[in-house]
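# Observations on the three-dimensional arrangement
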Amino acid sequence: GMAQLQQRAKVAARSVTQSREMNPRRSPSHSSNLARSAGVAVLWSLTAPSVVAAQELLTQVHVITRHGSRYPLRKDASDLSESTPGTLTAFGEKQMYDLGQWIHETYAANSTDPAAFLQSFASSSMRLESSSLERTIVSANSLALGLFAGEARDPTLESLLPVVPANVPVYTHDMVNDIYMRAFDKCPELHDRLQALYLSDEWQQLETENDQFLAQLAETTYFQPYANQNGIVPLEQIWNVYDTIFVAKTECSEGHEDLATCQSISDGVDLARNVLTDEQWVKVMDLAHQAELMKYGPKTADKLIGINLIQEIVHRMMGGGIGLNDDNGNQEIEFSLFSAHYATILGVFSALDKTFFSQEVIPHYAAALIFEVTERSDTAQRFFKLTYKGDDRPNSRAVSIDLSNICGNSLICPVSSLQQFLGAWSVERWCNECANEGANQCLTGQDGSGKEVTPPAVVNDNDDDDEYPAEFGFILGLIVGAIGVVVTFFVQRRFYKKLLEEQKNQAQNNIPPAHYDDSQMQHNNDGVNGGVGGVPLEEAPNVPPSPLPAQLVSRATSAVSSDESPATNDEVVVDPVDVERELI
């Protein structure tokens, strides 16, 4: 208010006075100009709003990687299953280690707290996950060694081991339950779509246009196992040809011929340099990339491969802990690693409705797709940026992915826009869309939010059954059961009433009691040690079993009156009135 204005005016006047004392030769007009400038500054400071530039601070990094270089892998084109282990090589370990170092150098110095972010491993806020295969688990371990160097893996210096341990756990899912990083081989619907793709005009045309080249491949000894009865390597087998040569060229490159990995690959050097000419190898790569794009692109894969993993990442972006069931109960995750496969990366692109942009559609070993999350300092709103690093080659630079189809901005989007883009997709929907009946997430009916998964509808072609709903059968069963109880009650009551009348007549006429065998009635003689009057049945074979309930027989044997008509051990004295009252 006025006090502020007076204070600032004094400061301005003091500045003018000091200027005159320090520069006595300056003209009065200079002092006048200085005073006027000071006055304007005071007025502007009072009227202009206080503006603090908002900052976007890096808060999270979530990385999806393809494993490092491995041994050759043979894959079934129909269901994407694998028949060889494809274990990681020493060179593959080095590729992932280098990627870990690059992640640290790129993001540790640009976070909210550079002194803490990714400087040391913290299990409460960092999570490394992998598919349950050797090549991806070892890839995750190798990356962790590069990401957290030396004492960063043991910040408390408590280790008693002679060497600094990794101390970075890698979590996996059971193979059958991995619907996040290996959804591509857990989705029967996707496999049906692949079969339809192989019969499509587009696929058949591509194969026909290259049938002569595919026939040449079939004549090569190394590729004859992939040939069909028509004498060509069909297009759906081109990936196996590509992988055989690609592994050899990776492991047996110039200068690496003497490495153990190269020597362990059968005919590795020959495959790398002599089996195909450079022109033929380029042709194989081109066909393989086209085929994989058709298989894993948005038209075929849609959201079936990548949606579950994206949903988990978005959950963490919004501050959630591990797993979709968490409601911020766990500490926020600032770093995630998903050590996966090239099909995982392509599936995420398809789930985002994006065609893979690179000419090399098949991601290279140690490729990384990175979700960078920033937060505005003034509004706490969260944004994400998508970055792709093609591989570990020195000339491979990380590039930003265009996000204009999600939020209209080509480089950065609000996380809320990604949530809206994904819509109502959930694990429940994925289970139904993929027709997956094997994963626990689909069997138990839990999609991470506590909702019960609705099983696929069962089609019943019997129209007559539709006229009677299940409720009708339930009510009808109750009615029939009630009728049965009533009928049984009256039949038993009539039987016992007739029995009592006979016992009454026998008592009056001193007639031995009638014998009722098991066809008339079931007996329970446990109340009198298995017989009558305390005598076991085997010791009194001529005494018929009592036709009365055990509790009444027991009462009768203990109620003998000595004053009136004493009974022997072979007699049972029963008061008919008591019996009738007990039955009623």
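Definitions and limits used
- Numbering of residues starts from 1 in each chain and follows the order in which that chain's sequence is written.
- The predicted origin of the model limits local features to residues at a pLDDT of at least 70 and limits the giving and counting of side-chain atom pairs to 80 or more, whereas totals for whole chains, interfaces and linings rest on all residues.
- Where side-chain values are given, they derive from all heavy atoms of the structure, hydrogens and water being excluded.
- In plain terms, two cysteine sulfur atoms within 2.5 Å form what is called a disulfide here.
- Counting from the N terminus, the helices are DSSP H or I runs at least four residues long and the strands are E runs at least two residues long.
- For each residue, the accessible area found with a 1.4 Å probe, counting protein chains only, is set against the maximum for its type, and the residue is called buried under 20%, exposed over 50%, and partly exposed in between.
- The pairing criterion for strands is at least two bridges between them, as found by DSSP.
- Look down the strands so they point away from you; if going from the first strand over the helix to the second traces a clockwise path, that crossover is right-handed.
- By definition, residues are in contact when any of their heavy atoms lie within 4.5 Å.
- In this analysis an axis means a line fitted to C-alpha atoms, helices contributing only their contacting stretch, and an angle means the value between N-to-C directions, from 0 to 180 degrees.
- Oblique is the label for every angle not falling under 35 degrees (roughly parallel), over 145 degrees (roughly antiparallel), or within 65 to 115 degrees (roughly perpendicular).
- Should the near helix be turned anticlockwise from the far one by less than a right angle, the crossing is left-handed, and should it be turned clockwise, the crossing is right-handed.
- The criterion for an aromatic pair is that two Phe, Tyr or Trp rings (for Trp, the six-membered ring) have centres within 6.5 Å, with stacked assigned to planes under 30 degrees apart, edge-to-face to planes over 60 apart and tilted to the rest.
- Over a ring means this: the NZ of a Lys or the CZ of an Arg is within 6 Å of the ring centre and within 35 degrees of the ring normal.

Now for the state of the cysteines. Applying the stated criterion across every chain, the model contains 4 disulfides. Disulfide pairing is shown between Cys187 and Cys434; the S-S distance is 2.0 Å. Between Cys187 and Cys434 the disulfide shows an S-S torsion of about -90 degrees. By sign, it is left-handed. Of this pair, Cys187 sits in the loop between strand E3 (170-172) and helix H5 (188-198) while Cys434 sits in helix H16 (residues 427-434); the two residues are 247 residues apart in sequence, bridging distant segments of the chain. A residue is classified by how much of its surface remains accessible, and Cys187, at 0% relative accessible area, is buried. Paired by a disulfide, Cys252 and Cys262 hold their sulfur atoms 2.0 Å apart. Taking the sign of the S-S torsion, about 115 degrees here, the bridge from Cys252 to Cys262 comes out right-handed. One end of the pair, Cys252, is in the loop between helix H8 (238-251) and helix H9 (260-264); the other, Cys262, is in helix H9, and 10 residues separate them in sequence. The buried category is assigned to Cys252, whose relative accessible area is 1%. Take Cys262: its relative accessible area is 3%, and that puts it in the buried class.

Further remarks concern unusual backbone geometry. Phi is positive for Asp353, close to 60 degrees, though the residue is something other than glycine. Among the structural elements, Asp353 can be located in the loop between helix H13 (342-351) and strand E5 (368-376). Unusually for a residue other than glycine, Ala366 sits at a positive phi of about 65 degrees. Considering the arrangement of structural elements, one finds Ala366 in the loop between H13 and E5. Under the relative-accessibility criterion, Ala366 is labelled buried at 1%.

For H13, the buried fraction is high: 10 of the 10 residues fall into the buried class. Along H13, the positions that sit buried rather than exposed are Tyr342, Ala343, Thr344, Ile345, Leu346, Gly347, Val348, Phe349, Ser350 and Ala351. Where H13 terminates, the next one or two residues include Asp353, which has phi positive at roughly 60 degrees.

In terms of burial, strand E2 (residues 126-130) is largely enclosed, as 5 of its 5 residues are buried. Summarising the sheet, E2 and strand E4 (residues 335-340) pair through 5 bridges and their orientation is parallel. Bridge pairing in E4 places Leu128 opposite Leu337. Handedness of the crossover is the feature at issue here: the chain leaves E2, passes through helix H4 (residues 134-147), returns alongside E3, and the resulting connection is right-handed.

Another aspect to go through is the environment of Leu386. Counting through the fold element by element, Leu386 comes out in strand E6 (residues 382-389). Once residues lying within four places of it in the same chain are set aside, the contact partners of Leu386 are Leu352, Leu369, Ile370, Phe371, Val399, Ser400, Ile401 and Leu403.

For Leu145, the position within the fold is in helix H4. Judged by its relative accessible area of 33%, Leu145 is partly exposed. On a C-alpha basis, the gap between Leu145 and Met96 in space is 9.0 Å, while along the polypeptide they are 49 residues apart. With residues up to four places along the chain from it excluded, the contact list for Leu145 reads Tyr97, Arg153 and Ala166.

When two helices pack together, their arrangement is given by the angle between their axes and by how far apart the axes lie. Across the interface, helix H12 (residues 307-317) lies against helix H15 (residues 415-422) with an axial gap of 11 Å and an inter-helix angle of 150 degrees. It follows that H12 is roughly antiparallel to H15 by the angle criterion. When you trace H12 past H15, the crossing you get is left-handed. Residues Ile307, Ile310, Gln311, Val314 and Met317 of H12 form the contact with H15, whose own contacting residues are Val415, Leu418, Gln419 and Leu422.

Bringing the pairing of strand E1 (residues 56-66) into the picture now. With respect to burial, E1 is a largely interior element, 9 of its 11 residues being buried. Across 9 bridges, the pairing between E1 and E5 is antiparallel. In the strand pairing of E5, Val61 is matched with Glu372. The pairing of E1 with E4 spans 6 bridges and is parallel. Its bridge partner being in E4, Val63 is matched across the sheet by Leu337.

Let's shift gears to the packing of aromatic side chains. Under the defined criterion, the tally for this structure stands at 10 aromatic pairs. Each ring, one from Trp239 and one from Tyr342, has its centre 6.3 Å from the other, and the planes form 20 degrees; the classification is stacked. Residue Trp239 is found in helix H8, and its partner Tyr342 is found in helix H13; the two are separated by 103 residues along the sequence. Of the two residues, Trp239 and Tyr342, both sit in the buried class. Both rings, one in Tyr242 and one in Trp281, keep their centres 5.7 Å apart while their planes meet at 15 degrees; by these two values the pair is stacked. In this pair, Tyr242 sits in helix H8 while Trp281 sits in helix H11 (residues 278-296), placing the two residues 39 residues apart along the sequence. For Trp281, a relative accessible area of 9% puts it in the buried group. Over the ring of Trp239 we find Lys75; its NZ or CZ atom is 4.4 Å from the centre of that ring.

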